[in-house]
Amino acid sequence: MSFSRRRFLAASAAALSFPMVANSRVLAANDEIRVGLVGLGGRGVGAHLPGFQSQPGVSVVAICDPDQDRLGSTAEMIKVKYGHEVEQCTDVRKLLERPDIDCVANATQNYWHGLSTIWACEAGKHVYCEKPLSHYIWEGRQMVNAARRHNRIVQCGTQRRSQTSIRDGIAWIQAGNLGKIERVYAFANKGRSSCGKRATPLELPASLDYELWCGPARKEPIYRDRLQYDCSFLWNTGDGESCNQGVHEMDIARWCLGETWPRRVMSLGGRFVFNDACDVPNTQIIYYDFAAAPVLYEVHNLRKAKDDTAMPDFRGEQGVGVIVECEGGSVSLYRGLAVDRDGKEVARFSGNEDHFVNFINAVRSGRREDLNAEIEVGHLSTAVCHAGNISLRVGQAAPPDQQRAQVREIPELEQMYDRFAAHLGAHEVDLNTVTLGPWLELDPEHECFRNHPQANEIVRGYYRESFLVKEIV
């Protein structure tokens, strides 16, 4: 099945356009940069606000969230901490009408990233957009097209691109200090709890405009216990751990390999133990078959075993990480440590830079080349993660012998499957309930899959009529 970008032109003819003329101000070196902050959750208030407000010559002048209570408390905090008032908006389109806003700090949830970033570019604003960049592969390409069409500086919030230790470690690997790269292991061992399963819909706060909160996503009753962050664990509004967190690791792996798209992908996994209202996997393995070397990614949101309190590790490393295995040893890029085949330390890497500062510097220079995570970089890293998830989403439950038959052809994949099966066994999970995704072959030119209409439907995405993402050429 071949997807050209024009294929969807008719379907998106009625798409919602942002009704304004781009209003981009030419910035002198000492001009104040005015920022509009959209999304007032933990990332928006805890990272974006101080990340921009603490920089000389930068000021957050407007805030936006569909929850009036969040708006009021954040505005009061800004007044107390930073000494100035801010405009409060529930609808991002209202914020974008201000001609004096230069940049948008986009800390919305995943499913709102695409449309709000496109609108901001059309309004002449530069954008710092949180990761994962997009909610769908096709949507991500429209975001890139909008940035190009309106000549906007757009940074993706994959902040490890500004980590000096990783940059130096990758350069050291690519210089051949440990020989050829054989494979890349990446992992997210992040403990998560059940999102709950209510018998009746969650009562929404009176302060919330639920229509705007849903935006492009399906507007439906909520049967989980929390409205906000747990929306990351439903396909309707989120992308699961392997994309929500995994975009960081995939971004580093692609950077290290110098690759764009894998040749094919395959995933196994499921949502086990919790029996809750969410539907993304909490245990998952993905094989990304890049030409240079494979990337093997594994997700564990469950503890090591039933009734255990510790989380799984990977080769003694806790949490998240990327380990590049080469002919002569390996490099743990998050730890900044290189060892030879005998485990002896041969190099260390350290240092960090500020991703928000990098964005503002690029806005001042007017050069997207100065960005450490320019929008197309973020799009590709996010899209590859979506590809891995799509394999799982079009898969089905299969018996263990069928699972093993599919992974047996690749030794390192079979070893990852062994760890996966042992982990589920420690939770007394029946392996017959595991979803086995098919091998999906990528079509890099059209950013979709070859000969799989069901998978390509997910590539294109789903939107509500009043919040369609239009095709941008």
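Structure first, text after, so check above.
Note that the structure is a prediction, hence the values are computed from the model and not measured. (Residues numbered from 1 in each chain as written. Predicted model: local features only at pLDDT ≥ 70, side-chain atom pairs only at ≥ 80, totals over all residues. Heavy atoms only, no water.)

### Comments concerning the overall build of the protein chain
Phase 1 of the analysis: Counting its secondary structure elements, the protein chain contains 14 helices and 18 strands.
Phase 2 of the analysis: Taking the principal axes of the C-alpha coordinates as reference, the protein chain spans close to 60 × 55 × 45 Å.
Phase 3 of the analysis: Considering only contacts in the protein chain between residues 6 or more positions apart, those separated by 24 or more positions represent 74%.
Phase 4 of the analysis: Total accessible area computed for the protein chain in this model is approximately 18400 Å², and 46% of it derives from carbon and sulfur atoms.
Phase 5 of the analysis: Counting 54 positive and 61 negative side-chain charges, the protein chain places the centres of these two groups 2 Å from one another. (Helix = DSSP H or I, 4+ residues; strand = E, 2+ residues; numbered from the N terminus. Contact = heavy atoms within 4.5 Å. Areas by Shrake-Rupley, 256 points an atom, 1.4 Å probe, with all protein chains shown as cover. Lys, Arg positive; Asp, Glu negative; His and termini not counted. Charge placed at Lys NZ, Arg CZ, Asp CG, Glu CD.)

### Considering the nonpolar core
Phase 1 of the analysis: Of all hydrophobic cores here, the largest spans 96 residues; its most connected members are Leu 95, Ile 173, Ile 181, Tyr 288, Val 324, Ile 390 and Phe 449.
Phase 2 of the analysis: Apart from the residues lying within four places of it in its own chain, the contact partners of Tyr 288 are Met 250, Pro 262, Arg 264, Val 265, Pro 294, Val 295, Tyr 297, Val 384, Cys 385 and Gly 388. (Core = buried A, V, L, I, M, F, W, Y, C linked by side-chain atoms within 4.5 Å. Buried < 20%, exposed > 50% of the residue type's maximum accessible area, 1.4 Å probe, protein only.)

### Comments concerning the pairing of strand β12 (residues 329-332)
Phase 1 of the analysis: Burial along β12 is two-sided: the residues Gly 329 and Val 331 and Ser 330 and Ser 332 are all buried.
Phase 2 of the analysis: Note: strand β11 (residues 320-326) against β12, 4 bridges, orientation antiparallel. Along β12, the bridge assignment pairs Ile 323 with Ser 332.
Phase 3 of the analysis: What sits between β11 and β12 in their antiparallel hairpin is a turn of 2 residues.
Phase 4 of the analysis: Direction of pairing for β12 relative to strand β13 (residues 337-340): antiparallel, over a ladder of 4 bridges. Its bridge partner lying in β13, Ser 330 is registered against Val 339. (Pairing = 2+ DSSP bridges.)

### So, the layout of surface pockets
Phase 1 of the analysis: If you add up the space inside the largest pocket, you get close to 670 Å³.
Phase 2 of the analysis: Lining the largest pocket are 34 residues, and of these Arg 43, Ala 107, Thr 108, Gln 109 and Asn 110 sit closest to its centre.
Phase 3 of the analysis: The dominant element in the lining of the largest pocket, judged by the number of residues it contributes, is helix α4 (residues 110-122), at 4 residues.
Phase 4 of the analysis: Classifying every residue of the lining of the largest pocket gives 11 nonpolar, 15 polar and 8 charged. (1 Å grid on protein atoms, 1.4 Å probe; cavity = no way out; pocket = protein on both sides within 12 Å on 5 of 7 lines; lining within 4 Å. Points joined across faces, edges and corners; volume = space filled by probe spheres on them. Nonpolar A, V, L, I, M, F, W, Y, C, P; charged D, E, K, R; others polar.)

### A few points about unusual backbone geometry
Phase 1 of the analysis: In this model, Lys 131 is joined to Pro 132 through a cis peptide bond whose omega is -15°.
Phase 2 of the analysis: Looking at the element boundaries, Pro 132 is found in the loop between β5 (126-129) and α5 (137-149).
Phase 3 of the analysis: For Val 273, which is not a glycine, the phi torsion comes out positive at approximately 70°.
Phase 4 of the analysis: Positionally, Val 273 belongs in the loop between β8 (264-270) and β9 (283-289).
Phase 5 of the analysis: On the accessibility criterion, Val 273 (53% relative accessible area) is exposed.
Phase 6 of the analysis: We note that Glu 447 has phi near 55°; this positive angle belongs to a residue other than glycine.
Phase 7 of the analysis: By the secondary structure assignment, Glu 447 is in the loop between β17 (440-443) and β18 (448-449).

### A closer look at the environment of Leu 37
Phase 1 of the analysis: Along the chain, the position of Leu 37 falls in strand β1 (residues 33-38).
Phase 2 of the analysis: Owing to a relative accessible area of 1%, Leu 37 belongs among the buried residues under this scheme.
Phase 3 of the analysis: Ignoring any residue separated from it by four or fewer positions in sequence, one finds Leu 37 in contact with Gly 44, His 48, Leu 49, Val 60, Ala 62, Ile 63, Cys 64, Leu 95 and Ala 105.

### Structural notes on the packing of aromatic side chains
Phase 1 of the analysis: One pass over the structure, following the stated rule, counts 17 aromatic pairs.
Phase 2 of the analysis: Between Phe 52 and Tyr 128 the ring centres are 5.8 Å apart and the planes differ by 85°, which places this aromatic pair in the edge-to-face class. Highlighted residues: Phe 52 in helix α1 (residues 42-53) and Tyr 128 in strand β5, separated in sequence by 76 residues.
Phase 3 of the analysis: For Phe 52, a relative accessible area of 1% gives the class buried. (Phe/Tyr/Trp six-rings, centres within 6.5 Å; stacked < 30°, edge-to-face > 60°.)

### Examining the sheet that holds strand β3 (residues 87-89)
Phase 1 of the analysis: Spatially, β3-β2-β1-β4-β5-β6 is the arrangement adopted by the 6 strands of the open sheet, whose pairing is parallel. Of all the strands in the sheet, the pair left with one neighbour each is β3 and β6 (154-156). The sheet shows a mean angle of 25° between the axes of neighbouring strands, taken without regard to direction.
Phase 2 of the analysis: Bridge count for β1 against strand β2 (residues 58-64) is 6 bridges, and the pairing is parallel. Paired with Val 38 across the bridge in β2 is Cys 64.
Phase 3 of the analysis: Most of the contacts of α4 go to β5, to which it runs at about 160°, and overall it touches β4 (103-106), β5 and β6. (Axes fitted to C-alpha atoms, helices over the stretch in contact; angles between N-to-C directions.)

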